[in-house]
Amino acid sequence: MDSIKYTLSENQMPRFWYNIQADLPEPVPSVLHPGTLEPITVADLEPLFPTQLISQEVSQERWIEIPDEVQSIYRQWRPTPLYRARRLEKALDTPAKIYYKYEGVSPAGSHKPNTAIPQAYYNKLAGVKRLTTETGAGQWGSSLSLAGAFFGLEIVVFMVKVSYHQKPYRRAFMEAYGARVVASPSNETEAGRSILKKYPDSTGSLGIAIGEAVEVAIADDQTKYALGSVLNHVLLHQTVIGQETLAQLELTGDYPDIIIGCTGGGSNFAGIAFPFLGAKLRGEQNNVKFVAVEPAACPTLTKGKYAYDFGDTAHLTPLVKMHTLGSSFVPQGFHAGGLRYHGMAPLLSHIVELGMIECRAETQLGCFAAGLTFARAEGILPAPEANHAVKAAIDEALRCKEEGVSQTILFNLCGHGHFDMQAYMDYQAGLLRDTEYSAEELEMALSGLPVSR
Ligand SMILES: *Cc1c(COP(=O)(O)O)cnc(C)c1O
């Protein structure tokens, strides 16, 4: 029988997160205090995060136990299915085998609850009452709002203004879970007010929204801050994806030649790739090619600079070494809101610098076309962000056809696109254009980098 779906039982779900820091040949560069330029201390981070998350951030332990309470919530949708895309293979007439891990089965519709749940759990344990955060497309805001509802935490979401207006259903979804959603830049913070003074019509950015959320968290000791990507502990939590995939692939008898993920801040890519990369780093497996795909309109990995930079526009966060377009870079509007961040996870940036990952940038029209090809063959309509991974998977499958080789391709289908129908309507109506980043703007944003080393 030609299987389509590879499922694990609940008791085969991973009990530990995998920490790639234990296997790196060189440690990831320290995070610096913006005032002293010295490595930050636990005390510097305590106003923002509970101690358990701070210790995960710097841990060198290879395996970190997933608390029982988190496991029992994960079990509502995990283990998620691994699919063999047989109808897509047929449609492309390719000798390649295509597998995809589907994270859209979570209640919020993406991989983000994998970290929202443990983040809310550790905050609740530390006696925190309220969490602030930012959201672009609304995926992270929805996931943290879901986690807030499960753990009885108040959630305040600063939502990038352009998305707040473009995506009323995402906002309503967060409010249904009980969250308060504020359009950013807002008048509620100094960070928001100072932007509005300079640019009254600002449509916002993730960098600005992060500044607002951090400011509110610092000002109140019952309130902490949660970030949905970029940080080491977020990437750590996402490794349940790749660990499950390893176990599921054992059922198929195949091992991937190519592993693909889209990258906004780097978390879903890390989630699927790091467990495989760990095997490679430990010398257990050698031949996998890893491909990170980002939008050409926000080309952090392919056009950014590897340098210390702030995570936010207001410059309240510590300095992290990452590929960056500059913290003042506001990408042009395009329809993959979750990929519009100026920076990249320091862990992923470090691994890219070590030469272990291939990076590509794709424009949106090609990604939407790939998304529709996928939807018509497989039935699942991907999130616009996930279309970047779909595009690369289809390209690799077509290359296999040209070369007459049967390779195994694995990609992470990190979310469904049911809240993104406006984007699909615009695409089908021919209203979308391919925007590239502006070289002048990029140069300006990069000239403002805080320190060079
Ligand atoms: C948030 C999001 C992304 C981008 O974030 P990563 O940390 O790079 O994963 C990509 N896809 C979806 C569906 C998202 O919700």
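Residues numbered from 1 in each chain as written. Predicted model: local features only at pLDDT ≥ 70, side-chain atom pairs only at ≥ 80, totals over all residues. Heavy atoms only, no water.

J.: Mind showing me how you'd approach the overall build of the chain here?
T.: For the chain, the helix and strand inventory stands at 19 helices and 15 strands. The C-alpha atoms of the chain give a radius of gyration of 20 Å, which matches the 22 Å a tight globule of 453 residues would have. In the chain, the proportion of contacts linking residues at least 24 apart, taken out of those at least 6 apart, comes to 77%. Counting only carbon and sulfur atoms, one obtains 50% of the accessible surface of the chain, whose full area is about 17100 Å². With 38 positive and 49 negative side-chain charges, the chain shows a spacing of 4 Å between the two charge centroids. (Helix = DSSP H or I, 4+ residues; strand = E, 2+ residues; numbered from the N terminus. Rg over C-alpha atoms; globule rule 2.2 N^0.38 Å. Contact = heavy atoms within 4.5 Å. Areas by Shrake-Rupley, 256 points an atom, 1.4 Å probe, with all protein chains shown as cover. Lys, Arg positive; Asp, Glu negative; His and termini not counted. Charge placed at Lys NZ, Arg CZ, Asp CG, Glu CD.)

J.: What exactly am I supposed to notice about the packing of helix α2 (residues 51–58) against helix α5 (residues 113–125) here?
T.: Axis separation between α2 and α5 bottoms out at 8 Å; the angle between their running directions is 130°. Considered as vectors, α2 and α5 are oriented oblique to each other. Across from Q52, L53 and Q56 in α2, the residues of α5 making contact are Q119, Y122, N123 and L125. Looking at the contact of α2 with α5 residue by residue, the class counts come to 3 nonpolar, 4 polar and no charged. (Axes fitted to C-alpha atoms, helices over the stretch in contact; angles between N-to-C directions. Parallel < 35°, antiparallel > 145°, perpendicular 65-115°, else oblique. Nonpolar A, V, L, I, M, F, W, Y, C, P; charged D, E, K, R; others polar.)

J.: How do you make sense of the side chain of T135 when you look at a structure like this?
T.: Considering the arrangement of structural elements, one finds T135 in strand β6 (residues 130–135). The contacts of T135, once residues within four sequence positions are left out, are W140, G141, V157, F158, M159, V160, M174 and L206.

J.: Explanation requested: the site of the ligand in the structure shown.
T.: Residues in contact with the ligand amount to 17 residues; listed here are only the nearest, K112, S229, G264, S267 and N268. At 2.5 Å from an oxygen atom of the ligand is found a side-chain nitrogen or oxygen belonging to S229. Protein burial of the ligand: of its 380 Å² of free accessible surface, 97% is covered by the chains. (Near = heavy atom within 4 Å. Polar contact = N/O pair within 3.5 Å; in protein donor to acceptor, adjacent residues only side chain to side chain.)

J.: I would appreciate a short explanation of the state of the cysteines in the present structure.
T.: Note on terminology: disulfide describes a covalent bond linking the sulfur atoms of two cysteines. Per the counting criterion, the structure on display carries 0 disulfides. C262 provides the cysteine sulfur closest to C359, a residue in no disulfide bond, and the two sulfurs are 13 Å apart. A relative accessible area of 22% places C359 in the partly exposed class. Among the cysteines around C414, which has no disulfide bond, C262 carries the closest sulfur, lying 3.8 Å off. (Disulfide = S-S within 2.5 Å. Buried < 20%, exposed > 50% of the residue type's maximum accessible area, 1.4 Å probe, protein only.)

J.: Help me out: how do you make sense of the sheet that holds strand β1 (residues 5–6) in this one?
T.: Strands belonging to one sheet form pairs held by backbone hydrogen bonds; the direction of such a pair is parallel or antiparallel. Strand order in the open sheet made by the 7 strands is β1-β4-β5-β15-β10-β11-β14, with mixed pairing throughout. The outermost strands of the open sheet, each flanked by one partner alone, are β1 and β14 (358–362). Summarising the sheet, β1 and strand β4 (residues 82–84) pair through 2 bridges and their orientation is antiparallel. Looking at β4, one finds that K5 is bridged to Y83. (Pairing = 2+ DSSP bridges.)

J.: Help me understand the sheet that holds strand β8 (residues 180–184), please; the structure alone is not making it clear to me.
T.: Across the sheet, 4 strands lie side by side as β8-β7-β6-β9; this open sheet has parallel pairing. Of all the strands in the sheet, just β8 and β9 (223–225) have a single pairing partner and so form its edges. The sheet shows a mean angle of 25° between the axes of neighbouring strands, direction not considered. Here β6 pairs with β9 via 3 bridges, running parallel. Across the sheet, residue T132 finds its bridge partner in β9, namely Y225. Packed onto the sheet, helix α6 (residues 139–151) meets β6 and β7 (154–160) and runs at close to 160° relative to β6.

J.: Got a minute to help me understand the nonpolar core in this structure?
T.: Most often, soluble globular proteins have nonpolar side chains that are buried together. Of all hydrophobic cores here, the largest spans 43 residues; its most connected members are Y100, I260, F411 and L413. Secondary structure elements with two or more residues in this core: α4 (86–92), β5 (97–102), β10 (258–262), β11 (289–295), α16 (364–378), α17 (387–403), β15 (408–413) and α19 (439–447). Ranked by residues supplied to this core, first place goes to α17 with 7 residues. What F411 contacts, discounting residues up to four positions off in sequence, is I98, Y99, Y100, K101, I260, I272, F374, A389, V390 and A393. Residues Y121, I155, A179 and L236 belong to the second largest nonpolar core, which totals 32 residues. (Core = buried A, V, L, I, M, F, W, Y, C linked by side-chain atoms within 4.5 Å.)

J.: So what exactly am I meant to see when it comes to the pairing of strand β13 (residues 319–324) here?
T.: Within a regular beta strand, the side chains point alternately toward one face of the sheet and then the other, so they alternate between its two faces. Counting buried residues in β13 gives 6 out of 6 residues, a clear majority hidden from the surface. In this structure, strand β12 (residues 305–310) lies alongside β13, joined through 6 bridges in antiparallel fashion. Bridge pairing in β13 links A307 to M322.

J.: Quick question: what am I supposed to make of helix α15 (residues 346–353) here?
T.: Turn by turn, an α-helix covers 3.6 residues, leaving residues three or four places apart pointing in a common direction. Along α15, 7 of the 8 residues are buried, which leaves the element largely enclosed by surrounding structure. For α15, the complete set of buried residues consists of P346, L347, L348, S349, H350, I351 and V352. Two residues or fewer after α15 comes G355, characterised by a positive phi angle close to 80°.

J.: Please clarify how unusual backbone geometry should be interpreted in this entry.
T.: Excluding glycine, most residues fall at negative phi; most peptide bonds, likewise, are trans. P79 follows R78 through a cis peptide bond whose omega is -10°. Position of P79 relative to the elements: it lies in the loop between α3 (68–74) and β4. Backbone torsion omega between S184 and P185 reads 10°, so that peptide bond is classified as cis. Among the structural elements, P185 can be located in the loop between β8 and α9 (190–198). In this structure, D93 is a non-glycine residue whose phi angle is positive, near 50°. Inspection of the secondary structure puts D93 in the loop between α4 and β5. Take D93: its relative accessible area is 54%, and that puts it in the exposed class. With a phi angle near 60°, H315 is a residue other than glycine that sits in the positive phi range. With respect to the element layout, H315 can be found in the loop between β12 and β13.

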